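Residue-level structure breakdown
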Amino acid sequence: FEPDPSQGSNIAWSPNGDLIAFFARSGKKHDLFLVSPLSGKIVTKIKIQADQPSSPCFIPGEDALIFTAFDGIRHDLFRLDLKTEKVQNLTQDDLYEKAPAVSPDGRFIVYSIRLNGYDQIYLSPLHNLSKKTQLTFGTSDSISPVFSPDGKKVYYSDNKREAYNLY
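A brief look at the structure comes next. Every chain is numbered on its own, with residues counted from 1 as its sequence reads. Confidence filtering applies because this is a predicted model: local features only for residues at pLDDT of at least 70, side-chain atom pairs given and counted only at 80 or more, and all residues used for totals across whole chains, interfaces and linings. Each side-chain value is worked out from all heavy atoms of the structure, with water and hydrogens disregarded.

1. Let's talk about the overall build of the protein chain
Labels follow the DSSP assignment, with helices taken as runs of H or I lasting at least four residues and strands as runs of E lasting at least two, numbered in each case from the N terminus. Secondary structure assignment for the protein chain yields zero helices and 15 strands. When we talk radius of gyration, it's over C-alpha atoms, and the globule rule is simply 2.2 Å times the number of residues to the 0.38. Against the globule reference of 15 Å for 167 residues, the protein chain gives a C-alpha radius of gyration of 15 Å, in line with a compact fold. Expressed as lengths along the three principal axes of its C-alpha atoms, the size of the protein chain is roughly 45 × 35 × 30 Å. Summary of the burial criterion: residues with accessible area below 20% of their type's maximum are buried, those above 50% are exposed, and those between are partly exposed, where the area comes from a 1.4 Å probe applied to protein chains only. A burial count over the protein chain gives 45% of its 167 residues as buried. Only heavy atoms enter the contact rule, under which two residues are in contact if any of them lie within 4.5 Å. Within the protein chain, contacts between residues separated by at least 24 positions form 30% of all contacts whose residues are at least 6 apart in sequence. Residue exposure ignores everything except the shown protein chains as possible cover, and the areas themselves are Shrake-Rupley values with a 1.4 Å probe. On the protein chain, roughly 9400 Å² of surface is accessible, and the fraction owed to carbon and sulfur atoms is 51%. Positive charges are assigned to Lys and Arg, negative charges to Asp and Glu, while His and the chain termini are left out of the count. Lysine's charge is taken at NZ, arginine's at CZ, aspartate's at CG and glutamate's at CD. Where the 19 positive side-chain charges of the protein chain centre and where its 20 negative ones centre are 2 Å apart.

Right, dumping it as structure tokens:
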């Protein structure tokens, strides 16, 4: 476990609070663990073939979650169907996407992309990540975006004042 705040949260709570999701090494690869917060027992363990998965994020209203990982040499966003355990690469591009967060209504996703040496925040419709709207700009790192509970605002951390602050 090597925390990196720019990668986003390493632990996710399901929308109904019944599960906690996180990735942990299991042999040479990582597995997704779904654990009951009430009993502490492992509910499900799913093998992940992509390298260095991180930042699990449940999709409200779906039995699925989003995460980031390396697919070969690319760092992309992935969708995992929790029922079928099917993993789908959502971005398949040369951009370094990370730190995904899904809106409370499940319609949008915010995440950061590393461009020209800096992390910037982007917003996309969850089911069309090719439509990207850049939300932050400049020569500082905007990291770890999250939606407000009502989904109307995005909070993130940025080091534009030479230390990370909340925006």
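Next comes the rest of the account.
2. Quick word on the sheet that holds strand S13 (residues 142-147)
Strand pairing is defined by DSSP finding a minimum of two bridges between the two strands. Pairing is antiparallel in the open sheet, where three strands are placed in the order S13-S14-S15. The open sheet has two free edges, formed respectively by S13 and strand S15 (165-166), since each of these has just one partner strand. Bridging between strand S14 (residues 154-158) and S15 involves two bridges; their strand directions are antiparallel. Among the inter-strand pairings, Ser-157 is bridged to a residue of S15, identified as Leu-166.

3. Notes on the nonpolar core
By size, the foremost hydrophobic cluster in this structure holds 16 residues, and its most contacted members are Leu-32, Ile-48, Phe-58, Leu-65, Phe-67, Leu-80 and Leu-82. Elements with a contribution of two residues or more to this core: strand S2 (20-26), strand S3 (29-35), strand S4 (42-48), strand S6 (64-71) and strand S7 (74-81). When residues in this core are grouped by element, the largest group, three residues, is from S6. Look past the residues within four positions of Ile-48 in its chain and what remains in contact with it is Phe-23, Lys-29, His-30, Asp-31, Leu-32, Pro-53, Phe-67, Leu-80 and Val-87. Buried Ala, Val, Leu, Ile, Met, Phe, Trp, Tyr and Cys residues form a nonpolar core when they are joined through side-chain atoms within 4.5 Å. In terms of nonpolar packing, the next biggest core, distinct from the first, is built from 12 residues, Cys-57, Ala-64, Ile-66 and Leu-129 among them.

4. Structural notes on the layout of surface pockets
Cavity: a set of points on a 1 Å grid over the protein atoms alone where a 1.4 Å probe fits but cannot get out. Pocket: an open set with protein on both sides within 12 Å along at least five of seven lines, its lining residues, like those of a cavity, having an atom within 4 Å of a point. Grid points are joined across faces, edges and corners, and a volume is the space filled by probe spheres set on the points. Considering only enclosed or pocket space, the second largest pocket measures out at about 400 Å³ in volume. Residue lining of the second largest pocket: 24 residues in total, with Cys-57, Phe-58, Ala-101, Val-102 and Val-146 positioned closest to the centre. Taken together, the elements giving at least two residues each to the lining of the second largest pocket come down to strand S1 (11-13), strand S5 (51-58), strand S9 (96-102) and S13. For this classification, the nonpolar set comprises Ala, Val, Leu, Ile, Met, Phe, Trp, Tyr, Cys and Pro, the charged set comprises Asp, Glu, Lys and Arg, and every other residue, Gly included, is treated as polar. Class assignment of the residues belonging to the lining of the second largest pocket gives a composition of 17 nonpolar, seven polar and no charged.

5. Re the sheet that holds S7
Taken in spatial order, the four strands line up as S5-S6-S7-S8 in an open sheet, and their pairing is antiparallel. Looking at the sheet topology across the chains shown, the edges are occupied by S5 and strand S8 (87-89). Within the sheet, the average angular offset between the axes of one strand and its neighbour, ignoring direction, is 30°. Bridge analysis of S6 against S7 gives eight bridges, and the strand direction is antiparallel. Along S7, the bridge assignment pairs Phe-67 with Phe-78. Whenever a helix is involved, its axis is fitted only over the stretch in contact; in every case the axis is a line through C-alpha atoms, and angles between N-to-C directions fall within 0 to 180 degrees.

6. Structural notes on the packing of aromatic side chains
In summary, the pairing rule links any two rings of Phe, Tyr or Trp, Trp by its six-membered ring, whose centres are within 6.5 Å, and it sorts them by plane angle into stacked for under 30 degrees, edge-to-face for over 60 and tilted for everything else. In this structure the tally under the stated criterion is six aromatic pairs. A centroid spacing of 5.3 Å and a plane angle of 15° characterise the contact between Phe-67 and Phe-78, whose relative ring orientation is stacked. Residue Phe-67 is located in strand S6, and its partner Phe-78 is located in strand S7; the two are separated by 11 residues in the primary sequence. Among the residues examined, Phe-78 registers a relative accessible area of 4% and is labelled buried. Ring geometry for Tyr-156 versus Tyr-167: centroids 5.8 Å apart, planes at 20°, classification stacked. Taken as a pair, Tyr-156 in strand S14 and Tyr-167 in the segment after S15 lie far apart in primary sequence, 11 residues in all. On the basis of relative accessibility, which here comes to 15%, the residue Tyr-156 falls in the buried class. One aromatic cluster in this structure is built from Phe-23, Phe-67 and Phe-78.

7. Considerations on unusual backbone geometry
Even without glycine at this site, Gln-92 takes up a positive phi of about 40°. Positionally, Gln-92 belongs in the loop between S8 and S9.

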